[in-house]
Amino acid sequence: MSPSQVPSPVPDLSPVLASALKNGVEATMVAIIKKNRRSRYFRESPVFADFHDALRNFGTDDGGGVPDNVLLETYRTTIPLTTYDSYEPFAAKFLAENCHEDDVRDMFSPGLPHHIAITSSTSSPKPKLYCKYQHQGSMRHAFGDGRNTFWTFSLHYRQLVEVRNRDGDIVRTISAGIGSSGALRMRSHLEVEDDHLNIKLAGDWATSPIAVGFIRDYRTFMLTHTLFALANSKVETITMIFTTSIVDVIRYMEEEWDTLIASIETGELPPWEGIQHVREYLQPHFPPRPERAAQLRAIGKATDQPGWLVEIWPMLKTTISISSGVFSVAIPKLRFYLGPDVQLRSLGFITSEAYVGTVYDPSDLNLFKATPQDIIEYLDVDKEENASNIVPPWLVEAGKHYEIVCTTRDGLWRFRLGDVVEIAGFDPTDGTPIMRYSERRNVITWMAGGELTEQRITAAILAVQDTLARIVEFTAIIDGRSGIPTLGYLIEVYGELHPEAAEAPMKLHKELCRLNEEFDPQRMQIPTIRILEPGTFAEYRKWKIEMSNSGAGQAKVPVLMWDDAAREWMLARVRTELGVDSNGGAVQG
């Protein structure tokens, strides 16, 4: 559906829409309860004891024979809010030294999972594991399939889990790693047992052959995808998980432009680090293209001109990536290289735990329609954090903020995602809530008598771009050099600092105080701003992936960085600093 055909969300539900939405949600809820009620997690975890006690009053242990309306009421009144604490002991069984089928079958949903999604540990001390099962009728993500799609897909996994039966035979090999890689394997039937065959395939959904997805080195992974895309003059769509990843590609293209063109001309792959193990599988898909190389040489590395990417790919119409929240900071630079006519589209509201929402209006990068395949409920952020304050979809109010709570076919039960959304209204065709991502629920830190959240940290720095410079990407740390903690920004900028950049820390101080009336301006020290070397965040993603043995889609940069090693890595790449006195301490407010 084109943007002009998308109906605007309505602010209120009519009785007819509310009834239709309620009936549809409850039907899905009953189906999920019946499907997963016999899972080991649901039967054995003590957090669900009240549900089972209630059912025993009806003479059943698992809800068999209980009317649907009773199941629904029992769910609403007895299922508490859950977190990873209750899920972890059951998920950990898959990573035991010996994984036996009897120990893990029907763990969260019937059968064995197709793959295990491992989080990037951006907002937690260690990665989390989420089992993903094959379901009938699953929605396909809007990646923009086709040979003319520049898609940086990955097939990387951290480890393989071999599930054995009582005779010691392997009954299933499960990949554990980045969730998008597992999802691609599941929808394209690329099972890990067949990788010796998969790696030879051309693939039919992207400009790159499948072997590129097996490259682990981040820079080489991105460059090799870029090489195959540059060789194709008919690219129509660019798809990457995060908008910041597209900016990384642009930088790599700038740095390796001559090498890329020479390779396209000769048909010889460059000797990049980490490509050796797939070279023999890539080479048959990479013939010489001297005419295309000549076209690219004529275009040149015109990176100081808007619309460079459209010169390279004249048929380019769309980019698809996650662009809301902190990833929105990369949009201005991306728009510069795309020009005014290429549409930026969101990938959707996707988390490691669940697929929360589809894109509602393609022209709006932060507008999502709640998925109908799982149950999305809403915890009122202005009330106490317990299940009694969960609001069902047909009772949410436009303009209010809620934390997402999900019950899924993969076996989560009223699971708190920690993501806060604002209800923008309702789809006038079926009543489904339409939402905007707002921020993470948790308060990141306290300072000067007030709380600092992701949203405020992000909004404040974006508000000073006119004074500082165009921001490519940022993170923040707690800067305690003066003895009194303040907020310290680590920023990569595009081009040179503005002449008045020295005024940015004071303007940033005022903006943070404006965003939070609880702040005491006299106690709030002037924030510091460190300007990083160009390309720092791209290199950080490469370093992070190597350190964690993760995939390209797990190289997220946190809004506030707590990890000591990561902070030291960043601080070693500071080019210049604003907002410090002659002794290196933060300026007093």
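Quantities reported herein were computed from a predicted structural model and do not represent experimental measurements.

## Looking at the overall build of the chain
For the chain, the count of helices and strands is 19 helices and 23 strands. Sequence separation of 24 or more characterises 67% of the internal contacts of the chain that already satisfy a separation of 6 or more.

## Digging into the pattern of salt bridges
With the rule as written, the count across this model stands at 32 salt bridges. For Asp53, the salt bridge is made with Arg56, and the minimal N-O distance between the two is 2.7 Å. Taken together, the residues span about one helical turn, with Asp53 and Arg56 both in helix 3 (residues 49–56) at a distance of three residues. Look at Asp53 and you get partly exposed, because its relative accessible area is 40%. In this structure Arg56 comes out as partly exposed when scored by relative accessible area, which is 46%. Measuring nitrogen to oxygen at the nearest pair gives 2.6 Å for the salt bridge that ties Arg514 to Glu511.

## A word on the side chain of Thr224
Position of Thr224 relative to the elements: it lies in helix 9 (residues 218–230). Exposure remark for Thr224: the relative accessible area of 0% places this residue in the buried category. Discounting residues that sit within four places of it in the chain, Thr224 has contacts with Val212, Ile215, Trp272, Ile275 and Leu282.

## Quick look at the packing of helix 9 against helix 10 (residues 243–255)
Running from N to C, helix 9 and helix 10 cross one another at 75 degrees; their axes reach a closest spacing of 10 Å. One way to sum up the angle between helix 9 and helix 10 is to call them roughly perpendicular. Side by side, helix 9 and helix 10 meet where Tyr218, Arg219, Met222, Leu223, Thr226 and Leu230 of the first sit next to Ser245, Asp248, Val249, Tyr252, Met253 and Glu255 of the second. Broken down by class, the residue content of the contact of helix 9 with helix 10 amounts to seven nonpolar, two polar and three charged.

## Details of the environment of Leu452
Turning to its location among the elements, Leu452 is positioned in strand 19 (residues 450–452). Owing to a relative accessible area of 0%, Leu452 belongs among the buried residues under this scheme. The sequence separation of Leu452 and Leu515 amounts to 63 residues, and the corresponding C-alpha distance is 9.6 Å.

## Structural notes on the sheet that holds strand 13 (residues 375–380)
Ordered in space as 10-11-12-17-16-15-13-14, the eight strands form an open sheet in which the pairing is antiparallel. The sheet terminates laterally at strand 10 (349–350) and strand 14 (390–391), the two strands that pair on one side only. Relative to strand 15 (residues 401–407), strand 13 runs antiparallel, the two sharing six bridges. Residue pairing across strands places Asp380 opposite Tyr402, the latter belonging to strand 15.

## Side note on the confidence of the model for the chain
Residues of the chain with pLDDT of at least 70 account for 90%, and the chain-wide mean is 89. In this model residues 582–589 is a low-confidence stretch, pLDDT under 50, and it forms 22 contacts with partners more than four residues away in sequence or in other chains.

The rules behind each value
- Residues numbered from 1 in each chain as written.
- Predicted model: local features only at pLDDT ≥ 70, side-chain atom pairs only at ≥ 80, totals over all residues.
- Heavy atoms only, no water.
- Helix = DSSP H or I, 4+ residues; strand = E, 2+ residues; numbered from the N terminus.
- Contact = heavy atoms within 4.5 Å.
- Salt bridge = Lys/Arg side-chain N within 4 Å of Asp/Glu carboxyl O.
- Buried < 20%, exposed > 50% of the residue type's maximum accessible area, 1.4 Å probe, protein only.
- Axes fitted to C-alpha atoms, helices over the stretch in contact; angles between N-to-C directions.
- Parallel < 35°, antiparallel > 145°, perpendicular 65-115°, else oblique.
- Nonpolar A, V, L, I, M, F, W, Y, C, P; charged D, E, K, R; others polar.
- Pairing = 2+ DSSP bridges.
- pLDDT = per-residue confidence, 0-100.

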